[in-house]
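Reading the structure
Listed here are the chains, written in short residue letters.
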Amino acid sequence: MKNRNLPNGTRDEFGTRAEIKETIQERLFKLFRDRGFNRLTTPILEYADVFSPLNLENVRPYQLLDEQGEALVLRPDLTLPVARMMSTTGIEVPAKWYYGGDVFRLNKQLSGSYNQVTQAGIEIVGYAGLKGEWESLAIAVQGCEINAVKDLTIELSDARFVDAVFAQLPLADPTKQALKQALFDKDLTRYQQLAQSLANTAYQPFISEWPWLFGAVDLVMATVKTLPDQEQLQPILTDLERTVQFIEAQTGDLTVVLDLSRPTPQSYYTGMAFRGYTQSDADYLFSGGRYDKLLTSFQKVQEPAVGVAFDVDALADRAAGPVDVVQTLLYFEPEQWSVAEAALKKDPNATLCLADSLAEAQAIARSQQMTLVNLAANQEVGA
Ligand SMILES: N[C@@H](Cc1c[nH]c[nH+]1)C(=O)O
């Protein structure tokens, strides 16, 4: 019998934690609305096929079957449902959506990670230019700022970079594939073996540094610029450089770093991607990027899109608890309901005492450190 247990990786949230999350979400929603985004809600259940663009090695969904035997999942992502919605409802582009809700991803047992995470995010559909990335990043920065995040680091990457480098390497295609895998797996022995034929070439300085090609923007860029052919890389590097400048011009305590050695966070990204974190914690506060091909997997017309989602749980983990306000507990007789209502309206920190006796009310006030106001006697009787 498991009628007293929760499934692995889930939790009940109550009191302060639940309130902090609600406040964070409300602040983010207001920010999204103020910038002209429209609310969108999608079901928690979707057909499994909606999520086929996800790399299922990283994301394992909860699966179930509907009455017809069709495979359903609890949504492991909120971007793909937006793409599904856009391609099935005929809504006109451009469009700006915001959403909030839980995503479900089966993590390895005992990993300590939760399988249900609350996200709040935006998707911008129909704009191909860098302004889409910048609006997502401006929202990411401001969303952190209004939630009092200190020392934010933003990590930029680009899904086009790795293939643009491979295009210029003088290697056979199967070797390129294997080398890419070794790079992404950080399998250095295999990486070095496969890259041996490049040892005495102009590619050597880059190849030897590639597995560590993350960190300070200047250092990463200096290594990239040792590559003999810059032509194909140039648009990617220019976008990254301009975006670094854009972020550095935002207010607040910000550091920008580059990561050009790993796959982008989502397999559906086709261009720039970004994540935010603080030095003190390993998890990411937000993650986003450009996905210009996603809408083609659902419909014939290709639409450019970009977006970002906050991890509301990660924001809540870093939030300071609310300042304790002494609450007033209003004791009253049932016949005095309207008197109690009036008292409640006057005191924003008051709450109704639903106990049937004054003794019970006094015990509650004592244990919860509240000030008891006895409306039945029309006088304060102390905590
Ligand atoms: N859905 C992505 C975040 C994102 C929103 N828009 C684009 N990317 C994630 O969960 O990581």
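The chain appears in an unreviewed UniProt entry as ATP phosphoribosyltransferase regulatory subunit from Secundilactobacillus kimchicus JCM 15530. The annotation that UniProt attaches to the chain under Subunit (unreviewed entry) is "Heteromultimer composed of HisG and HisZ subunits."

A separate point is the overall build of the chain. When helices and strands are tallied, the chain shows 12 helices and 16 strands. Here the chain has a C-alpha radius of gyration of 26 Å; the compact-globule value for 383 residues is 21 Å, and the former is much larger. Counting only C-alpha atoms and orienting by the principal axes, one finds that the chain spans roughly 90 × 55 × 45 Å. Residues classed as buried in the chain amount to 45% of the 383 residues present. When the accessible surface of the chain is split by element, carbon and sulfur atoms take 50% of a total near 20,400 Å². The distance from the centre of the 34 positive side-chain charges to the centre of the 50 negative ones in the chain is 2 Å.

Mapped onto this structure's residue numbering, the UniProt feature "binding site: L-histidine" (unreviewed entry) falls at D77, L78, T79, R105, Q119, E123, Y268 and Y269. Contact partners of Y269, with chain neighbours within four places excluded, come to A159, T264, S287, G288, G289, R290 and Y291.

On to unusual backbone geometry. Residue V93 is joined to P94 through a cis peptide bond whose omega torsion reads 0 degrees. When you line up the elements, P94 lands in the loop between α2 (79-89) and β5 (95-104). Its identity as a non-glycine residue notwithstanding, A148 has a phi of 60 degrees, on the positive side. The class for A148 is exposed, based on a relative accessible area of 53%. Despite not being glycine, D151 shows a phi value in the positive range, around 55 degrees.

A few words on a nonpolar patch on the surface. The grouping of L188, W212 and F214 at the surface amounts to a nonpolar patch, some 290 Å² of accessible area in total. Within the secondary structure layout, W212 lies in the loop between α7 (204-209) and β8 (214-216).

Near the ligand there are 16 residues, and of these D77, T79, E123, Q266 and Y269 occur at the shortest range. Within the side chain of D77, an N or O atom sits 2.9 Å from a nitrogen atom of the ligand. A distance of 3.4 Å is found between a nitrogen atom of the ligand and a backbone nitrogen or oxygen belonging to V308. Relative to its free-state accessible area of 310 Å², the ligand is covered by the protein chains to the extent of 97%. When residues of the shell around the ligand are traced back to their parent elements, those giving at least two are β6 (116-125), β11 (286-290) and β12 (305-311). Here the residues of the shell around the ligand sort into six nonpolar, seven polar and three charged.

Cut-offs applied
Residues numbered from 1 in each chain as written. Predicted model: local features only at pLDDT ≥ 70, side-chain atom pairs only at ≥ 80, totals over all residues. Heavy atoms only, no water. UniProt positions renumbered as here; feature names shortened; annotations may be inferred. Helix = DSSP H or I, 4+ residues; strand = E, 2+ residues; numbered from the N terminus. Rg over C-alpha atoms; globule rule 2.2 N^0.38 Å. Buried < 20%, exposed > 50% of the residue type's maximum accessible area, 1.4 Å probe, protein only. Areas by Shrake-Rupley, 256 points an atom, 1.4 Å probe, with all protein chains shown as cover. Lys, Arg positive; Asp, Glu negative; His and termini not counted. Charge placed at Lys NZ, Arg CZ, Asp CG, Glu CD. Contact = heavy atoms within 4.5 Å. Patch = residues over 30% accessible without salt bridge, like charges linked within 9 Å, V, L, I, M, F, W, Y side chains within 5 Å. Salt bridge = Lys/Arg side-chain N within 4 Å of Asp/Glu carboxyl O. Near = heavy atom within 4 Å. Polar contact = N/O pair within 3.5 Å; in protein donor to acceptor, adjacent residues only side chain to side chain. Nonpolar A, V, L, I, M, F, W, Y, C, P; charged D, E, K, R; others polar.

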